[in-house]
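# Coordinates in review
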Amino acid sequence: MVKFRYTIADPNGMHARPAGLLVREAQKFPCAVTLACGEKRADLKRLFAVLSLDIKHGETVEVAVEGDGEAEAAGALERFFRQNF
């Protein structure tokens, strides 16, 4: 399992358009990807689950990637967060 943390810098938090792009990025990989914010967790491959976390500016999220290609997926997702959130 590979994990990383990221603090949301976007003043709008994690809103629908970039969240949708993030979900599509996660869906490219065969491994399981979980997004957590505080005590809440969601499957990063399901848009409504991600949006239900209601992630705001300044909150820190943790992404956990497990399975085939986990290192590659974690790297790609971390880059995506840095470029979009």
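Report follows, based on the coordinates.

Definitions and limits used
- Per chain, the residues get numbers from 1 upward, laid out in the order the sequence is written.
- The model is predicted, so local features are restricted to residues of pLDDT at least 70 and side-chain atom pairs to those at 80 or more, both for listing and for counting; the totals for chains, interfaces and linings are taken over all residues.
- Water and hydrogen atoms were dropped before computing side-chain values, which therefore reflect all heavy atoms in the structure.
- We call two strands paired when DSSP finds no fewer than two bridges between them.
- The secondary structure listing takes helices from DSSP runs of H or I that are at least 4 residues long and strands from runs of E that are at least 2 residues long, numbered from the N terminus.
- Orientation is described by axes fitted as lines to C-alpha atoms, over the contacting stretch for helices, and by angles from 0 to 180 degrees between their N-to-C directions.
- Any two residues whose heavy atoms approach within 4.5 Å at even a single point are treated as in contact.
- One less than the number of residues in a helix, times 1.5 Å, gives the span that helix is expected to have.
- Buried means the residue's accessible area, taken with a 1.4 Å probe over protein chains only, is under 20% of the maximum for its type, while exposed means over 50%, and partly exposed covers the values in between.
- This arc corresponds to the set of directions leading from the helix axis out to the C-beta atoms.

## Topic: the pairing of strand β2 (residues 32-37)
Pairing of β2 with strand β4 (residues 60-66), which is carried by 6 bridges, proceeds in the antiparallel orientation. Along β4, the bridge assignment pairs L35 with V63. Here 4 bridges tie β2 to strand β3 (residues 40-43), and the two strands are oriented antiparallel to one another. Each bridged residue has a counterpart across the sheet, and for T34 the counterpart in β3 is D43. The hairpin turn running from β2 into β3, its antiparallel successor, is 2 residues long, and G38 in that turn takes a positive phi close to 65°.

## Considering the sheet that holds β4
With antiparallel pairing, the 4 strands of this open sheet are ordered in space as β1-β4-β2-β3. Looking at the sheet topology across the chains shown, the edges are occupied by β1 (2-7) and β3. Across this sheet, the average inter-strand angle for adjacent strands is 20°, counted without regard to direction. Contacting β1, β2 and β4, helix α3 (residues 70-84) runs over the sheet at an angle of about 5° to β1.

## Brief notes about unusual backbone geometry
Of note in the backbone geometry, D54 takes a positive phi value of approximately 50° without being a glycine. As for its position among the elements, D54 is in the loop between α2 (47-52) and β4.

## As for α3
An α-helix turns once per 3.6 residues; consequently, residues spaced three or four apart project the same way. With 15 residues, α3 should reach 21 Å at 1.5 Å per residue; the first-to-last C-alpha distance of 21 Å fits that figure. Among the residues of α3, A73, A74, A76, L77, F80 and F81 are the ones counted as buried. Considered in projection along α3, the buried side chains sweep an arc of 165° and stay on one side of the axis. What points out from α3, more than 90 degrees from its buried face, is the exposed set A71, E72, R82 and Q83. Contacts made by the buried residues of α3 are with β1, α1 (16-27), β2 and β4.

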